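Examination of the molecular architecture
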Amino acid sequence: MSTTLDPVQTQAAANGAAGNGVHPAPAYEPNMVLATRAYDVVGTRPVRHDGADKVTGRALYGADKQMAGLLQGFVLRSPHAHAKIVSIDTSKAEALDGVFAVVTADDLPPAKDKIVDVGEGDTRLAYVHGNVLAKGKTLYKGHAVAAVAATNVHVAEQAAKLIDVKYATLGSSMTAPEAMSSGAALLHDDLKTMEYGQPTDKASNVAQHFQWKIGDSDEGFAKADVVVERTFDTATVHQGYIEPHNATALWNNDGRVHIWTSTQGAFVVRDVTATILEIPVSQIKVTPMEIGGGFGGKIPVYLEPVAALLSKKTGRPVKLVMTRADVLEGTGPTPGSHVSVKIGAVNGGKITAMQGNLAYEAGAYPGSFVAPGGMCIFAAYACENVTVDCYDVVVNKPSSAAYRAPGATQAAFAAEQVIDEIAGKLGIDPIDFRLQNAAKEGSRRVDGPKFRRIGCVEVLEAMQRHPHYGAPLAGPNCGRGVAVGFWFNVGLESSCTLSVNSDGTVNLIEGSTDIGGTRTSIAMQAAEVLGIPAEDINPQVVDTDSVGYTSVTGGSRTTFATGWAAHDAAQKIVDEMKVRAAKLLEADAAGVTHEKGVYSAAGKSVSFREIAAQASRTGGPISASATVKPRGVGGSYAGNIVDVAVDPETGKVDILRFTAVQDVGKAVHPSYVEGQMQGGSAQGIGWALNEEYFMGADGGMQNNTLLDYRMPTALDLPMIDTCIVEVANPGHPYGVRGVGEANIVPPPAAIANAIQNAVGRRLQRLPMNPPAVWQAVANGN
Amino acid sequence: MHWVDYQRPESLDAALQAFAANAGNAKALAGGTDLLVQMRAGRCASGVLVDIKNIPELNEMSYSPEQGLTLGAAVPCYRIYGDKTVSAAYPALIDAVSIIGGTQIQGRASVGGNLCNAAPSADVVPVLIALGVVCKVTSAGGTREIAAEDFCVAPGKNALAAGELLVSLHFPPPALQSGARYIRFIPRNEMDIAVAGAGVSVTLADGRFSAARVALASVAPTPLFAREAGEALVGRPVHAASIAKAAAAAKAAAKPIDDMRGTAAYRRNLCAVLTRRALEDAVARAGGKL
Ligand SMILES: Cc1cc2nc3c(=O)[nH]c(=O)nc-3n(C[C@H](O)[C@H](O)[C@H](O)COP(=O)(O)OP(=O)(O)OC[C@H]3O[C@@H](n4cnc5c(N)ncnc54)[C@H](O)[C@@H]3O)c2cc1C
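From a predicted model like this one, the values you see are computed outputs, not experimental measurements.

Examining the sheet that holds strand β9 (residues 164-169) of chain A
- Taken in spatial order, the three strands line up as β7-β3-β9 (chain A) in an open sheet, and their pairing is antiparallel. If you trace the sheet from one side to the other, it starts and ends with β7 (137-138) and β9 of chain A, each paired once.

Listed below in structure tokens is the structure:
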């Protein structure tokens, strides 16, 4: 079930709410893009273009890649969390029947000291390099050390076991506080802390410390009537996509490399692989296969350069596919965190100061997404005195990767609990308290930018008005919690080409991996401009040789940015169609008007279809390309209302009811938007209740299977109700905001708040699994 | 993974011969839901797999109110809960066989496999112990009987000698005014391994417990027969206070460890909670009131 609040209604309701004196009537800008426009295609729910292939099993995923002469590979991984590699002897493995090649880091060109763009940010090439194949040291259990290509995967695995690696183990740190403590073994001898953006000569596991500040928080706290300060920890969790990483590579005799892989960014794979292997980008073609989930975890490059090296050595195509344990121990995860939050407010409810201290576990290499965590932690609130400190800390766990709104969920788990506690202390309804302090257009985020039109208030109001918020609770030990969260929407770069077929359909070529139905949401934006049905567009995701540069499917950008490229290309088609229509109508092109696929001049008209059929008579094929690097991004707010039942004797938390509310700007395809909201909520629930890397005394992940790495199953989730709020993003032609990520931000905090309301215990560590909740109930925390 | 031979004998004799001929190198394959997973993980290497699913004696399922139930070791879970008479007579057995894995697993997984695999967390084993089941074991040398509580001897180790095959399980007929129940605790609602489990059976007479047995899962190196917990009930009134004593005795009997699935303290707590809840339900099934 989904309630779509149109922006006009939202605005009226907001103004109405002012009548009860809760907060002043916001002076809204009239809705620039959406309010007066009704669309024909955007906002409808056509069947997805790739649906038949997916439900019949015909869609081809990376592991499906087959070709003549294909070899299979196996990656040998470090059994130690931190060790010096003393020596590697591959001779026994190479001698095994059926083995074609073995590679180690020595087969890679030495890493130059340079910075590379890895999809959603930059990092040192040496780090990317070192993660692909360990050089000199292994930094986590599961770190790739060598790889084998053989006739089949069993022989390759057997050979890998014959590789003799001598290690000298080193001390290891599993959490940020451990790694930051004096005496902790250093992961990188050459890592010196960057303080406030300036290099220092402090050798430490802290890669970066920086601070953002507006106003004066000391002064703000001095004014406060209530101040709450608490510290929170969250465990390392994995993105948990179903499809394991894979890569097939063919290094051809002409020096050209072809890679088939499951990735969120074919061009990132191309560029990073080219940089690592020191060959020009034009020598690599990457074909993105269908993808079985990514959530940010399929942006980094792991197997591609290794498969390419093995292919170069053997002269044959080589396929590498990870096992589930490889995925859990060698890829992803998202950082564990250690966050303290202090908030002060005056009686009556105005927040006077906010302070956050975030230390995130980057894993083996710097880059933990603590920065976005710091930007998001208080992004739902307008406050004049805010200080945020961020620490990016390396630990002996797999190098962390983006995970849906990376960094923001950990931050919200801390901030939204303290907000709730203060609201309780002040005796103010938790949504009223948030509304009273909610960020609006013009509010300044702690890292600097002022918000453009945002939907934080509308999301909170939709939550307050939702029937769930006022519904009676189910019984004893039941509680309701709320929380909100923010995540960005990025622009980056996208390309799109449209070609009109003679039957009036249009081929759409794009380069964004389709993870959540974006073929369709992109096609719909072209269809809207062209005035034809979405079904008449044939969208295709193609390889890196066949479309202009396109950045990753990530940062909630694909429908926003690639959709925009499709919109712009479609505008060009319309312009050309006008010229052709003029010829057919024997009119002046400047006088041709276009409305819903019909081109008119001087009282006569001709349809899109007719012009398409006559294209070769009026000037030849009709085709257009567009590229975009959009600004105008619109961040998204999400809020949850959640009811839980706690079994105080076992500590088990059941989610009874869950409502996800999100400002999506414009829901191009509402079903896919609801799917994103439900998916993010489901992942947030798993993160909240059971998921965690359970590290053994040896520094290894003990629960490296999906039996013991407990993601929720269908029986663990209620139907997740969605409520779409549409506050148009004035920066996009259709008002689109990023939709894919903000929904994972509030669930753990909302569930923690619900547990607090159910049993009077505030859980300050994730996961809030049964032993932890039982302990809290039994011991009074 | 390496090459294995696969054999599918059609008779008990043929199976016993296959085991004798491949002494030490053959493994029985029932549903394979433990065995194949272990082989794939490299935890169990065996040269010959002897598929026991086509042996008539291992597929028997016969029940009479006088004789009780004879359950062939290879009968899969779905056949057990699909049988109305067996389900009515042994609801605690159904409690266990209907929560193993999911539907697909239950189509293959057998009670015999659950027992022979001898995992401390095996869900059916506490029920077998609580119901006083006797296991029939055969080898080329003859047949013997083993009480369910003596069958598992260490994690992953059972009491079978080399060449011995578990043929069937014998469940005594349910006594008048008796009831049994199995409850396990898992963090999720399916596809999980018991953090702890309690299988209980009670017989009531004149408002008192006349017999009771309690067995626990996942709190000791093997499924644990908590004899003291059952004995704590016998002769006592059917009352919450009696049940509380039994629950405390079960908690005291448990010897859990800390691991990724739960701490020892948490598991001990679960023993008391699950034993109490299972006993309450068993009393209700026996027609008693608390
Ligand atoms: C996804 C999944 C979920 C699961 N969930 C649960 C669960 O919830 N609870 C639970 O308790 N278990 C669970 N299991 C484990 C397993 O399904 C059960 O233990 C099952 O009952 C095993 O029966 P099987 O017929 O498949 O045994 P098999 O795998 O065929 O055999 C198990 C072992 O017993 C031996 N064996 C089998 N039969 C005989 C015999 N007649 N004589 C001598 N030796 C024999 C085999 O050689 C092997 O060593 C799960 C397994 C999977 C894969």
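Now that the structure has been shown, we can carry on.
Quick look at the site of the ligand
All names here are of chain B.
- Taken together, 31 residues surround the ligand, and among them A28, T33, D34, S110 and D123 come closest.
- Within the backbone of A28, one N or O atom sits 2.6 Å away from an oxygen atom of the ligand.
- Between G31 and the ligand, the recorded distance is 2.7 Å, taken from a backbone N or O atom to an oxygen atom.
- When the ligand sits alone it has 980 Å² of accessible area, and the protein chains cover 88% of it.
- Elements supplying a minimum of two residues to the shell around the ligand: β2 (26-29), α7 (111-117) and β10 (165-171).

Considering the interface of chain A and chain B
- Taken together, the contacts link 24 residues of chain A with 21 residues of chain B.
- Surface buried jointly by chain A and chain B totals about 2100 Å² across both partners, of which 53% is contributed by carbon and sulfur atoms.
- Sorting the residues of chain A by area buried against chain B places E649, R710 and W774 of chain A first, and these three jointly supply 27% of that buried surface.
- Taken together, chain A and chain B are joined by five salt bridges.
- Across the pair R710 of chain A and D192 of chain B runs a salt bridge, and its minimum N-O distance is 2.8 Å.
- Where chain A touches chain B, the interface holds 17 residue pairs in polar contact (both at pLDDT 80 or more).
- Looking at the side of chain A that touches chain B, the elements that each hand over two or more residues are β30 (652-663) and α22 (770-779) of chain A.
- When residues of the side of chain A that touches chain B are assigned to their parent elements, the largest contribution, three residues, is made by α22 of chain A.
- A per-class count over the side of chain A that touches chain B returns 11 nonpolar, six polar and seven charged.

Examining the packing of helix α16 (residues 518-530) of chain A against helix α17 (residues 558-585) of chain A
Residue and element names in this part refer to chain A.
- Look at α16 against α17: their axes get within 8 Å of each other, and the N-to-C directions meet at 30°. Viewed along their axes, α16 and α17 adopt a mutual orientation that is roughly parallel. Seen along the crossing, α16 lies across α17 with a hand that is right-handed. Along its contact with α16, which presents T518, S521, I522, Q525, A526, V529 and L530, the element α17 presents T558, T559, T562, G563, W564, A566, H567, A570, Q571, I573 and V574.

Observations concerning the packing of helix α20 (residues 670-689) of chain A against helix α21 (residues 747-759) of chain A
Residue and element names in this part refer to chain A.
- Where α20 meets α21, the closest approach of the two axes is 8 Å, and the angle between their N-to-C directions is 55°. By the criterion of interaxial angle, the relationship of α20 to α21 is oblique. Where α20 crosses over α21, the two elements pack in a sense that is right-handed. Seen from α20, the contacting residues are G680, S681, G684, I685, A688 and L689; seen from α21, they are P747, P748 and I751.
- Residues that form the contact of α20 with α21 fall into these classes: six nonpolar, three polar and no charged.

Here's the deal with the pattern of salt bridges
- Per the counting criterion, the structure on display carries 52 salt bridges over all chains.
- As a salt-bridge pair, R230 of chain A and E421 of chain A come within 2.5 Å of each other at their nearest N and O atoms. With a gap of 191 residues between them, R230 of chain A in strand β13 (residues 226-234) and E421 of chain A in helix α12 (residues 408-426) connect regions that are remote in the sequence.
- Taking the relative accessible area as the measure of exposure, E421 of chain A reaches 14% and is therefore buried.
- Here D647 of chain A ties to R277 of chain B by a salt bridge, and the two come within 2.9 Å at their closest N and O atoms. Taken together, the residues D647 of chain A in strand β29 (residues 636-647) and R277 of chain B in helix α11 (residues 264-285) connect one chain to another.
- Among the ionic contacts, a cluster of salt bridges with common partners joins R48, D50, K54, E290, D514 and R519 of chain A.

Observations concerning the pairing of strand β23 (residues 506-510) of chain A
All names here are of chain A.
- Burial runs high along β23: four of the five residues are buried.
- For strand β22 (residues 494-500) and β23, the ladder comprises five bridges, and the chain directions are antiparallel. For C496, the partnering residue across the bridge sits in β23 and is E510.
- In this antiparallel pair of consecutive strands, β22 and β23, the connection spans five residues, and G504 shows a positive phi of 90°.
- Across five bridges, the pairing between β23 and strand β24 (residues 537-541) is parallel. Bridge pairing in β24 places V506 opposite I537.

Observations regarding the domain arrangement of chain B
- Domain parsing of chain B yields domain 1 (5-49), domain 2 (56-171) and domain 3 (178-285).
- A separation of 34 Å is found between the C-alpha centroids of domain 1 of chain B and domain 3 of chain B.

Details of the sheet that holds strand β4 (residues 61-64) of chain B
Residue and element names in this part refer to chain B.
- Read across the open sheet, the five strands follow the order β4-β5-β10-β6-β7; overall the sheet is antiparallel. Either end of the sheet is taken by a strand with one partner, and the two such strands are β4 and β7 (142-147). Averaged over all adjacent pairs, the angle separating strand axes in this sheet is 20°, with direction ignored.
- The pairing of strand β5 (residues 68-72) with β10 spans four bridges and is classified as antiparallel. Within β10, the position partnered with G72 by the bridge is S168.

Structural notes on the environment of A462 of chain A
- Residue position: A462 of chain A is located in helix α14 (residues 456-465).
- Along the chain, A462 of chain A and G639 of chain A lie 177 residues apart, while their C-alpha atoms are 9.1 Å from each other.

Description of the packing of aromatic side chains
Residue and element names in this part refer to chain A.
- Across all of its chains, the model carries 17 aromatic pairs over all chains by this definition.
- Considering the side-chain rings of F486 and Y637, the 4.9 Å spacing of their centres and the 45° angle between planes classify their relative orientation as tilted. Taken together, the positions of F486 in strand β21 (residues 478-487) and Y637 in strand β29 put the pair 151 residues apart, joining distant regions of the chain.
- Overall, the relative accessible area of 3% leaves F486 in the buried class.

Digging into the environment of P46 of chain A
Residues and elements named next belong to chain A.
- Looking at the secondary structure, you find P46 in the loop between α1 (7-17) and α2 (51-55).
- Here P46 falls in the buried class, since its relative accessible area comes to 9%.
- Remark: the alpha-carbon pair of P46 and E535, spanning 489 residues in sequence, is separated by 7.4 Å.
- Ignoring sequence-local partners within four residues, the contact set of P46 consists of T520, M524, A534, E535, H669 and Y672.

Some words on the side chain of D514 of chain A
All names here are of chain A.
- Structurally, D514 is set in the loop between β23 and α16.
- Its relative accessible area of 3% is what places D514 among the buried residues.
- There is a polar contact of 2.8 Å between the side chain of D514 and the backbone nitrogen of T518.
- Sequence-distant contacts of D514, that is, excluding residues within four places in its chain, are made with R48, D50, K54, I291, R519 and V541.

Here we look at the domain arrangement of chain A
Residues and elements named next belong to chain A.
- Domain annotation of chain A identifies domain 1 (33-61 + 491-628), domain 2 (65-170 + 244-292 + 298-323) and domain 3 (178-242 + 332-450).
- Between domain 2 and domain 3, the C-alpha centre-to-centre distance is 35 Å.
- With 18 residues of domain 2 at the contact, the number on the domain 3 side is 21 residues.
- For the pair domain 2 and domain 3, the two sides together bury roughly 1500 Å², of which 56% comes from carbon and sulfur.
- The largest share of the area that domain 2 buries against domain 3 comes from Y127, L139 and Y140, three residues that together contribute 38% of it.
- In this structure, D190 engages R124 in a salt bridge whose closest nitrogen and oxygen atoms are separated by 3.5 Å.
- Only β6 (122-124) and α4 (125-132) provide two or more residues apiece to the side of domain 2 that touches domain 3.
- Counting residues per element, the side of domain 2 that touches domain 3 draws most heavily on α4, at three residues.
- Here the residues of the side of domain 2 that touches domain 3 are counted per class, giving seven nonpolar, seven polar and four charged.

What counts and what doesn't
- Residues numbered from 1 in each chain as written.
- Chains lettered and ligands numbered in written order.
- Predicted model: local features only at pLDDT ≥ 70, side-chain atom pairs only at ≥ 80, totals over all residues.
- Heavy atoms only, no water.
- Pairing = 2+ DSSP bridges.
- Helix = DSSP H or I, 4+ residues; strand = E, 2+ residues; numbered from the N terminus.
- Near = heavy atom within 4 Å.
- Polar contact = N/O pair within 3.5 Å; in protein donor to acceptor, adjacent residues only side chain to side chain.
- Areas by Shrake-Rupley, 256 points an atom, 1.4 Å probe, with all protein chains shown as cover.
- Contact = heavy atoms within 4.5 Å.
- Buried area = accessible area lost by both parts, 1.4 Å probe.
- Salt bridge = Lys/Arg side-chain N within 4 Å of Asp/Glu carboxyl O.
- Nonpolar A, V, L, I, M, F, W, Y, C, P; charged D, E, K, R; others polar.
- Axes fitted to C-alpha atoms, helices over the stretch in contact; angles between N-to-C directions.
- Parallel < 35°, antiparallel > 145°, perpendicular 65-115°, else oblique.
- Left-handed = near helix turned anticlockwise from the far one by under 90°.
- Buried < 20%, exposed > 50% of the residue type's maximum accessible area, 1.4 Å probe, protein only.
- Domains from an automatic or database assignment.
- Phe/Tyr/Trp six-rings, centres within 6.5 Å; stacked < 30°, edge-to-face > 60°.

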